[in-house]
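Here are the chains, one letter per residue:
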Amino acid sequence: MRQPLVAGNWKMNGSTDSVNALIEGLRAGIDTVTTAEMAVCPPYVYIPQVAARLAGTPISYGAQDVSDQEAGAYTGEVAPGMLADIGCKYAIVGHSERRSIYGESDEFTASKFAAARKAGLIPILCVGELLEEREQGITEQVVERQLDAVIDLEGIAAFASAVIAYEPVWAIGTGKTATPDQAQDVHAFIRGKLAGLDKAVADGVRILYGGSMNPGNAAELLAMQDIDGGLIGGASLKPDDFLAIGQAANA
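The structure presented is a predicted model; accordingly, all values stated were derived computationally and were not measured. (Residues numbered from 1 in each chain as written. Predicted model: local features only at pLDDT ≥ 70, side-chain atom pairs only at ≥ 80, totals over all residues. Heavy atoms only, no water.)

Centre distance and the angle of the planes are the two values used to describe a pair of aromatic rings. What the rule picks out here adds up to two aromatic pairs. Ring centres of Phe-113 and Phe-159 lie 5.5 Å apart, and the angle between their planes is 50°; on these two criteria the pair is classed as tilted. Of this pair, Phe-113 sits in helix α5 (residues 106-118) while Phe-159 sits in the loop between α7 (139-154) and β6 (163-166), placing them 46 residues apart in sequence. For Phe-113, a relative accessible area of 0% corresponds to the buried category. According to the relative accessible area criterion, Phe-159 is buried, its value standing at 1%. Between the aromatic rings of Tyr-166 and Tyr-209, the centroid separation amounts to 6.3 Å while the plane-to-plane angle is 55°, which identifies the pairing as tilted. (Phe/Tyr/Trp six-rings, centres within 6.5 Å; stacked < 30°, edge-to-face > 60°. Helix = DSSP H or I, 4+ residues; strand = E, 2+ residues; numbered from the N terminus. Buried < 20%, exposed > 50% of the residue type's maximum accessible area, 1.4 Å probe, protein only.)

Enumeration over the complete set of coordinates arrives at 19 salt bridges. With its nearest N and O atoms 2.9 Å apart, the salt bridge here joins Asp-65 to Lys-112. Of the two residues, Asp-65 sits in the loop between β3 (60-63) and α3 (80-85) while Lys-112 sits in helix α5, which places them 47 residues apart along the sequence. Relative accessible area serves as the criterion here: at 1%, Lys-112 is assigned to the buried category. Close ionic contact of Asp-106 with Arg-145 constitutes a salt bridge, the shortest N to O distance being 2.5 Å. Within this pair, whereas Asp-106 is found in helix α5, its partner Arg-145 is found in helix α7, the two being separated by 39 residues in sequence. A cluster of three or more residues bridged by salt bridges with shared partners is formed by Arg-2, Arg-191, Asp-226 and Asp-228. (Salt bridge = Lys/Arg side-chain N within 4 Å of Asp/Glu carboxyl O.)

What follows is the structure, given as structure tokens:
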């Protein structure tokens, strides 16, 4: 049985005061989430603050990105070992904003995935299609290409210690959401793709939905057979909304 994971990607948002308020709101209500694992991924500079405020709670934390390098002359980068050193459990890799805005390729994303695992972090690998790719009917080809880059580098067994997040790019921050059936279809495709290589790995890997999940649609999405949680953007900045998504996994 896969435990649902609801992970908040705060993106480039926050201040000392707002982070304190957000974490206090989560601490006050976390007991209402009885099934899902909850995690937050703040901007790098707030991770130590978040770690301190989360002490004594079951809420995990991680980073929104990670370097593919272990150490050295890489100005502005943060090594996976550094994140592990301060207690991070997760690292998001391949988010659509990293791919589209910063031009990060499938192969570069795979190298980040590998570096995160080597340091003992659990990578949350983001995959998904652009609107024009969905309209062209090539969603599965795009997702398969993104998965293959990691499989070619790390092998199928690597997904036994990883999470996948399907994020239809056209539904991120737009207010649009894939229907539960649309989301389930892609999640099932991902699991089927992995099952063709290793059924046990496929059965165990958690696949999250990352396209504008919110309190209003979470229960319906989470009821789908192959949707094991959410990678939450805007709603993760509001403690009541974020907790409500976690509560939707209680059923």
